[in-house]
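Structural overview
Below, each chain spelled out in residue letters.
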There are 2 protein chains.
Amino acid sequence: MTETSPDTTPRADAFPEPAVDEIHLEAVLHALADPVRLRIVSSLAECAGEVNCLAFDVPVAKSTLTHHFRVLREAGVIRQVRRGTSKMNTLRGEDLAARFPGLLDSVVAGYRDCHRPGGAGA
Amino acid sequence: MTETSPDTTPRADAFPEPAVDEIHLEAVLHALADPVRLRIVSSLAECAGEVNCLAFDVPVAKSTLTHHFRVLREAGVIRQVRRGTSKMNTLRGEDLAARFPGLLDSVVAGYRDCHRPGGAGA
DNA sequence: GTCAAACTACGACGATCCTCGTACTATGGG
DNA sequence: CCCATAGTACGAGGATCGTCGTAGTTTGAC
């Protein structure tokens, strides 16, 4: 469709993701209830920009990272767009805030609190 | 210890639960990422009082319910106290709010939104 | 003491999940 | 065209989870 438009960009395909109304609370909570994915989400919230998949220094294999990114995307937490050979990831902060106000913010804030020396224990 | 204190109350033993500083974000998220437990938490948030274990009309066996209540208690989401042969459950709303401000509120609000006809889809 | 009610402990089953390695595809550069 | 880079697909192994039934425990009532 619309193949007549001259595409000057390198290539920026979007990958299937749930609409805002289709984001499930349980899916979001499950997606966030994993140390690796929580770390990814926290990183995305910090840099607040596009980050490719392999730019995360989590101690897991490449294929495992692919799995986690898909879980996050299918839950509606992140958006993935291809740019060249890379895949850029962004947090769907506004969509999440529209669906579950305050949820992502409190999770990210709580994560940061837990991973700071001198933070509230644990 | 302290067996010398005269106990006039019918009996109100508390069950082991994490201190506020020991509540883990991942454990809370995992505890909430289950339909049965989410329903229990939502019910507790609504009535805002003590509810015994078998007062929930979730379609699971009795022993399964025991399991879910333990998961919630060990994650620090609820508090359990025995009163007679029953076990009263209360939400640790203040403790949770002190540790992860806004988290429980947004989850409960989101759950209610999802389970209302005419709510935001899903 | 006897009994019923509420809950727990335990083991088992099936399902899901996280992880991995290997093989494969797609994109872009030289 | 060849190749390097980035990511995916596809199992497979191991762990965890949710569910259940049965048997056992604790408590209070009679």
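Residues numbered from 1 in each chain as written. Chains lettered and ligands numbered in written order. Predicted model: local features only at pLDDT ≥ 70, side-chain atom pairs only at ≥ 80, totals over all residues. Heavy atoms only, no water.

Let us look at the overall build of chain A. In terms of regular secondary structure, chain A is built from five helices and three strands. Counting from the amino terminus, chain A carries its helices and strands in the arrangement α-α-β-α-β-β-α-α. Put simply, chain A has 122 residues, and 39% of those count as buried. Across chain A, contacts joining residues at least 24 apart in sequence account for 65% of those joining residues at least 6 apart. (Helix = DSSP H or I, 4+ residues; strand = E, 2+ residues; numbered from the N terminus. Buried < 20%, exposed > 50% of the residue type's maximum accessible area, 1.4 Å probe, protein only. Contact = heavy atoms within 4.5 Å.)

Residues and elements named next belong to chain A. Overall, the prediction assigns chain A a mean pLDDT of 86, with 84% of residues at 70 or greater. Here strand S1 (residues 51-52) stands out as the element of chain A with the lowest mean pLDDT, 80, in contrast to helix H1 (residues 25-32), whose mean of 98 is the highest. Within the model, the stretch residues 1-9 combines pLDDT values under 50 with zero contacts to residues more than four positions away or in other chains. (pLDDT = per-residue confidence, 0-100.)

Between chain A and chain B, the residue contacts involve 25 residues of the former and 26 residues of the latter. When chain A packs against chain B, the two sides together hide about 1,900 Å² of surface, and 69% of this comes from carbon and sulfur. On the chain A side of the interface with chain B, the three residues burying the most area are A:Glu26, A:Leu29 and A:Arg99, jointly 26% of the side's total. Taken together, the links from chain A to chain B amount to zero salt bridges. (Buried area = accessible area lost by both parts, 1.4 Å probe. Salt bridge = Lys/Arg side-chain N within 4 Å of Asp/Glu carboxyl O.)

Glancing now at the protein's contact with DNA strand D. Taken together, 26 residues form the shell around DNA strand D, and within it A:Leu54, A:Thr66, A:Lys87, B:Ala61 and B:His68 come nearest. In DNA strand D, atoms within 4 Å of the protein come from the sugar-phosphate backbone in 72% of cases. At a separation of 3.1 Å, a base nitrogen of DNA strand D approaches a polar side-chain atom of A:Lys62. Separating a phosphate oxygen of DNA strand D from a backbone N or O atom of B:Ala61 is a distance of 2.6 Å. Secondary-structure elements contributing two or more residues to the surface near DNA strand D are helix H3 (62-75) and strand S3 (86-91) of chain A together with helix H2 (35-47) and helix H3 (62-75) of chain B. (Near = heavy atom within 4 Å. Polar contact = N/O pair within 3.5 Å; in protein donor to acceptor, adjacent residues only side chain to side chain.)

Glancing now at the protein's contact with DNA strand C. Around DNA strand C, a shell composed of 26 residues is seen, among which A:Ala61, A:His68, B:Leu54, B:Thr66 and B:Lys87 lie nearest. Each atom of DNA strand C within 4 Å of the protein belongs either to a base or to sugar and phosphate, the latter forming 72%. Between DNA strand C and A:Arg37 there is a distance of 2.8 Å, counted from a phosphate oxygen to a side-chain nitrogen or oxygen. Residue A:His67 places a side-chain N or O atom 3.3 Å away from a phosphate oxygen belonging to DNA strand C. Secondary structure elements with two or more residues in the surface near DNA strand C: helix H2 (35-47) and H3 of chain A together with H3 and strand S3 (86-91) of chain B. Partitioned by chemical class, the residues of the surface near DNA strand C number seven nonpolar, 12 polar and seven charged. (Nonpolar A, V, L, I, M, F, W, Y, C, P; charged D, E, K, R; others polar.)

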